[in-house]
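Residue-level listing of the chains:
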Amino acid sequence: MSGTPREHTRTYYLGKLAEELEERGLATSLRAYPPALRVCDPDNAMLAETVDCVPLSDGWFYRWSWGEVVGLADDPALAAQRIAQVIAAR
């Protein structure tokens, strides 16, 4: 089953974010449908968060599970830095 172009875009951006997060020592797993990224501290799976990617009027954005925007999907490094800081602070 092939997804819609929107799902492919979402998965692409989430993959870019996963690469950045893994470089920062975090573990990630991509949920297929709806596309979302589970991010956790590999040493403490309780420190986890889910991030998705949504199209807004200004482009594609990463978004926390509670709906707040993390950052622009075109800048996965900055979004990964913010996510890593939140997980580290818990």
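Parameters at a glance
Residues numbered from 1 in each chain as written. Predicted model: local features only at pLDDT ≥ 70, side-chain atom pairs only at ≥ 80, totals over all residues. Heavy atoms only, no water. Helix = DSSP H or I, 4+ residues; strand = E, 2+ residues; numbered from the N terminus. Expected span 1.5 Å × (residues − 1). Buried < 20%, exposed > 50% of the residue type's maximum accessible area, 1.4 Å probe, protein only. Arc of directions from axis to C-beta. Contact = heavy atoms within 4.5 Å. Salt bridge = Lys/Arg side-chain N within 4 Å of Asp/Glu carboxyl O.

Looking at this structure, how should I read helix α2 (residues 76–89)?
Note: α-helices contain 3.6 residues per turn, so residues at a spacing of three or four share the same orientation. Under the 1.5 Å per step criterion, the end-to-end length of α2 is 20 Å for 14 residues, consistent within 8% with the ideal 20 Å. Of all the residues in α2, the buried ones are Pro76, Ala79, Ala80, Ile83 and Ile87. Down the axis of α2, the sector holding all buried residues measures 100°, keeping them to one side. Exposed residues pointing more than 90 degrees away from the buried face of α2 are listed as Ala88 and Ala89. Where α2 is buried, its residues touch α1 (5–23), β2 (36–41), β3 (44–56), β4 (59–64) and β5 (69–72).

Can you walk me through the pattern of salt bridges in this structure?
Where side chains of opposite charge bring their charged atoms close, a pairing between them can arise. One pass over the structure, following the stated rule, counts 2 salt bridges. With a shortest N-O distance of 2.8 Å, Asp52 and Arg63 are connected by a salt bridge. Of this pair, Asp52 sits in strand β3 while Arg63 is found in strand β4, placing the two residues 11 residues apart along the sequence.

Everything listed here is a matter of coordinates, which is why it stays silent on function.
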